[in-house]
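Residues per chain are reported as follows:
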Amino acid sequence: MLYHSTRGTVAPISSAEAIKSGIAADGGLFVPEKLPSFKLSDIEAMVDRTYNERALAVLKGFLDDYTEKELNDCVYNAYNTIKFTSPEIAPLHKLNDNISVLELWHGPTCAFKDMALQILPHFMTNAMRKTGEECEIVILVATSGDTGKAALEGFKDVDGTKIIVFFPRGGVSEVQKMQMITQEGKNVYSVAVEGNFDDTQSGVKAIFTDAAMITSLKENNIKFSSANSINWGRLVPQIVYYFSAYADMVKSGEIKLGDKINFVVPTGNFGNILAGYYAKKMGLPVNKLVCASNENNVLTDFIHTGTYNKNREFKKTNSPSMDILISSNLERLLFEMTGHDGKQVSQWMKELKENGIYSVDEELQEEISKLFWADFTTEKETLTTIECIYKDYNYVVDTHTAVAVDVYDKYVISTGDMTKTVIVSTASPFKFNQSVAQAVLGEKKIAGMDEFTISHVLSKECDIPVPPSLKDLEKKEILHKRICDKNDMPDVVKDILKV
Ligand SMILES: *Cc1c(COP(=O)(O)O)cnc(C)c1O
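Residues numbered from 1 in each chain as written. Predicted model: local features only at pLDDT ≥ 70, side-chain atom pairs only at ≥ 80, totals over all residues. Heavy atoms only, no water.

Visitor: Got a sec to walk through the overall build of the protein chain? Specific residues and values, please.
Guide: Helices and strands together make up the secondary structure of the protein chain, namely 22 helices and 15 strands. For 499 residues, the compact-globule estimate of 2.2 N^0.38 gives 23 Å, and the protein chain sits close to it at 22 Å. Taken along the three principal axes of its C-alpha coordinates, the protein chain extends 60 × 55 × 45 Å. Out of the 499 residues belonging to the protein chain, those deemed buried represent 58%. Nonlocal contacts in the protein chain, meaning residues at least 24 apart in sequence, comprise 74% of its contacts between residues at least 6 apart. (Helix = DSSP H or I, 4+ residues; strand = E, 2+ residues; numbered from the N terminus. Rg over C-alpha atoms; globule rule 2.2 N^0.38 Å. Buried < 20%, exposed > 50% of the residue type's maximum accessible area, 1.4 Å probe, protein only. Contact = heavy atoms within 4.5 Å.)

Visitor: Can you explain unusual backbone geometry? Please cite residues and give values.
Guide: Phi at Asp157 takes a positive value of approximately 60°, unusual for a residue other than glycine. Within the secondary structure layout, Asp157 lies in the loop between helix H7 (146–155) and strand S6 (161–168). Positioned with a positive phi, His340 is a non-glycine residue whose angle comes to about 65°. Look at His340 and you get partly exposed, because its relative accessible area is 28%.

Visitor: How would you sum up the environment of Thr382? Please name residues and give values.
Guide: Relative to the helices and strands, Thr382 resides in helix H17 (residues 379–393). For Thr382, a relative accessible area of 1% translates into the label buried. C-alpha of Thr382 to C-alpha of Leu289: the two residues are 93 residues apart in sequence and 20 Å apart in space. With residues up to four places along the chain from it excluded, the contact list for Thr382 reads Asn318, Thr377, Thr399, Ala402 and Val403.

Visitor: Describe the site of the ligand, listing the residues and the values that go with them.
Guide: The full set close to the ligand counts 15 residues, and Lys113, Asp146, Gly268, Asn269 and Thr426 are the nearest of them. Note that an oxygen atom of the ligand is positioned 2.8 Å from one of the backbone N or O atoms of Gly268. A distance of 2.8 Å separates a nitrogen atom of the ligand from a polar atom in the side chain of Thr426. Among the residues making up the shell around the ligand, the classes are represented as five nonpolar, eight polar and two charged. (Near = heavy atom within 4 Å. Polar contact = N/O pair within 3.5 Å; in protein donor to acceptor, adjacent residues only side chain to side chain. Nonpolar A, V, L, I, M, F, W, Y, C, P; charged D, E, K, R; others polar.)

Visitor: Please provide a residue-by-residue account of the sheet that holds S6, values included.
Guide: Strand-to-strand pairing in sheets goes through backbone hydrogen bonds, with the strands running parallel or antiparallel. Spatially, five strands are ordered S8-S5-S6-S7-S15 in an open sheet, and the strand pairing comes out parallel. Edge positions in the sheet fall to strand S8 (222–226) and strand S15 (483–485), since each of these pairs with one other strand and no more. The mean inter-strand angle of the sheet, taken between neighbouring strand axes irrespective of direction, is 30°. Here strand S7 (residues 188–194) pairs with S15 via three bridges, running parallel. (Pairing = 2+ DSSP bridges. Axes fitted to C-alpha atoms, helices over the stretch in contact; angles between N-to-C directions.)

Visitor: Before we move on, can you summarise the side chain of Lys162 with the specific residues and values?
Guide: The topology assignment puts Lys162 in strand S6. Engagement of the side chain of Lys162 in a polar contact is seen with the side chain of Glu136, the distance being 3.1 Å. Dropping the residues within four chain positions of it, Lys162 is found in contact with Glu136, Ile137, Val138, Ile139, Asn187, Tyr189 and Leu497.

Visitor: A description of the packing of helix H11 (residues 232–251) against helix H12 (residues 271–281) should follow, citing residues and the corresponding values.
Guide: Two numbers describe how H11 lies on H12: the axes approach to 8 Å, and their chain directions differ by 60°. By the angle between their directions, the pair H11 and H12 is classed as oblique. In this structure, H11 crosses over H12, and the sense of that crossing is right-handed. Contact residues: H11 offers Trp232, Leu235, Gln238, Ile239, Tyr241, Tyr242 and Phe243, while H12 offers Gly271, Asn272, Ile273, Leu274, Ala275, Gly276, Tyr278 and Ala279. (Parallel < 35°, antiparallel > 145°, perpendicular 65-115°, else oblique. Left-handed = near helix turned anticlockwise from the far one by under 90°.)

Visitor: Talk me through the packing of helix H3 (residues 51–62) against H11; I want residue IDs and the actual numbers.
Guide: Think of two packed helices as two axes; the pair is described by the angle between the axes and how far apart they sit. The contact between H3 and H11 brings their axes to 9 Å, and the two run at 130°. When the interaxial angle is binned, H3 and H11 end up oblique. Crossing handedness for the pair H3 and H11: right-handed. Contacts between H3 and H11 involve Tyr51, Arg54, Ala55, Val58, Leu59 and Phe62 from the first element and Trp232, Val236, Pro237, Ile239, Val240, Tyr241, Phe243, Ser244, Ala247, Asp248 and Lys251 from the second.

Visitor: Before we move on, can you summarise the side chain of Ser229 with the specific residues and values?
Guide: Within the element layout of this structure, Ser229 appears in the loop between S8 and H11. Ser229 sits in the buried class, given a relative accessible area of 10%. Those residues within four positions of Ser229 in sequence are excluded, and the remaining contacts are Arg234, Leu235, Asn269, Asn329 and Arg332.

Visitor: I'd like a rundown of the sheet that holds strand S10 (residues 286–293), residues and numbers included.
Guide: Strand order in this open sheet of six strands is S3-S4-S14-S9-S10-S13, and the pairing throughout is mixed. Of all the strands in the sheet, just strand S3 (92–94) and strand S13 (372–376) have a single pairing partner and so form its edges. Here the average twist between neighbouring strands, direction ignored, is 25°. Its contacts with the sheet put helix H13 (residues 298–305) on S10 and S13, and the angle it makes with S13 is roughly 135°.

Visitor: Break down H7 for me, with residues and values.
Guide: Within H7, 10 of the 10 residues are buried, which leaves it mostly tucked inside the rest of the structure. If you check which residues of H7 are buried, you get Asp146, Thr147, Gly148, Lys149, Ala150, Ala151, Leu152, Glu153, Gly154 and Phe155. Phi for Asp157, located one or two positions after H7, is positive at around 60°.

Visitor: Tell me what's going on with the pairing of strand S9 (residues 261–266), and back it up with residues and numbers.
Guide: Two faces, one strand: in a regular strand the side chains alternate between the faces of the sheet. Counting buried positions along S9 yields six of six residues, so the element is predominantly enclosed. Residue alternation in S9 divides its side chains into two sets, Ile261, Phe263 and Val265 and Asn262, Val264 and Pro266, and both sets are buried. One ladder, built from five bridges, connects S9 with S10; its direction is parallel. When the bridges of S10 are listed, Phe263 appears paired with Leu289. In this region the chain leaves S9, passes through H12 and returns to the parallel neighbour S10; the handedness of that crossover is right-handed. Where S9 lies against strand S14 (residues 421–425), three bridges are found, and the strand directions are parallel. Considered in S14, the bridge of Asn262 is made with Thr421. (Right-handed = clockwise from strand over helix to strand, strands pointing away.)

Visitor: Break down the packing of aromatic side chains for me, citing the residues and quoting the values.
Guide: Under the counting rule described, the total for this entry stands at 19 aromatic pairs. Look at Tyr79 and Phe84: their rings are 5.7 Å apart centre to centre, the planes differ by 65°, and that puts the pair in the edge-to-face class. Cluster of aromatic residues (ring-pair linked, three or more members): Tyr3, Phe62, Trp232, Phe270, Tyr277, Tyr278 and Phe372. Taking NZ or CZ as reference, Lys130 lies 5.2 Å from the ring centre of Tyr66, over its face. (Phe/Tyr/Trp six-rings, centres within 6.5 Å; stacked < 30°, edge-to-face > 60°. Lys NZ or Arg CZ within 6 Å of the ring centre and 35° of its normal.)

Here's what the structure looks like:
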């Protein structure tokens with residue numbers, strides 16, 4: 001299996017090369033030349049298997065340059081009960097006859113990014129060995145919250161790597177900040193930047209392309225790489241849980257083998273839902289993929305009209321991990337749906353970069369809207385949804401998951417479709433506890449409390465335990481005290497790497 005760039009001008013490479021490099025030299029994203037196909041009998045064979053066995057079945061079709069033993073090591077090092085609090089790894093929680101919730105937040109950082117970032121470092125170290133790489137790999141991350149912590153946790157103490165995470169000093173929640181500055185591990189660094197997320201991200205991008213920096217790294221046998229969702233090694237593990245959820249629906253008797261189901265996905269960068277699209281193309285019986293956005297609803301508009309327009313106000317919402325105006329992984333969908341037309345995709349991406357807007361033709365827009373249904377949710381609707389789910393089902397969801405449930409309600413009202421549906425749940429309610437407590441307990445009850453106290457109260461009132469990794473977070477030792485100006489980020493990197 002070879003990997004092509006979505007911009008079409010790079011010679012195809014193996015999966016190990018694609019995972020090691022992250023992004024293609026022409027600026028495109030790596031995608032497989034064709035998708036492995038699964039028959040119903042292959043899916044049936046997954047029903048009585050563990051999550052890890054299902055993962056191996058899916059991954060081996062994509063990473064066929066990895067040996068069975070290598071893949072086995074990757075999977076079992078990533079998904080185990082030392083790291084995950086659920087032995088099922090990605091359990092399904094039945095809400096009612098129509099809705100099941102796929103809980104993707106039982107990993108070490110309590111958000112779904114763990115599903116990919118626990119395995120990516122293992123893919124990468126194997127890739128380095130397989131490709132004869134002799135440099136040390138340094139992962140640079142700019143984060144608005146979830147990715148940073150998940151990447152630190154994934155790469156901690158992984159031989160041959162270091163990881164440096166930059167976060168905007170005032171732009172992450174108290175829980176997220178504490179998670180990052182108390183991070184343990186001998187190869188991990190987190191740095192607060194005086195600036196907002198855009199400053200932080202631009203700073204990291206500039207370091208990646210800083211010629212002087214790259215030269216001095218070379219002299220010291222160091223290479224940069226990236227852990228964000230443009231890396232194929234982050235996308236591919238996400239395909240697994242769509243198959244796993246389906247197998248669990250069959251196992252529990254919710255559906256018969258071959259019945260189609262819907263997936264509703266709270267979407268920002270389009271990585272998670274794209275994995276669902278790949279699963280469908282590989283043969284998983286999927287009816288609709290419902291793309292749920294918050295008020296940064298670029299994708300809703302794109303799916304409805306065929307025009308992607310990022311020239312709009314950026315809104316900070318109570319589902320911050322979806323506050324995104326450029327959904328990078330959409331590029332992979334466009335490449336797939338144009339029959340791998342790299343030239344056309346390059347043109348659209350050029351227009352996006354230069355003018356912030358591009359339009360696909362009517363025929364493609366129609367095809368896209370047959371596969372995807374899209375809508376968005378306001379902050380207020382998000383809170384009301386959390387409250388209703390708690391009242392009706394005694395089940396607490398986080399703000400991102402609530403966006404998905406609300407958009408699903410809108411879908412049912414609009415289409416009348418009663419197909420069994422899986423809501424993809426992307427974070428533990430404790431990760432965004434302020435909004436969650438506001439919704440289920442009322443604003444008065446938590447007035448003046450800090451996030452750590454809110455966690456205790458939420459846990460007690462709703463009778464659900466605080467996840468172990470968030471428990472007593474405020475008492476942990478602070479290990480990372482670096483704060484820097486946005487212009488000094490390159491100096492911080494040089495200082496850490498001693499170059
Ligand atoms: C990253 C994230 C999302 C968005 O996922 P994409 O793959 O970027 O679409 C949704 N919810 C949570 C909690 C996240 O951390």
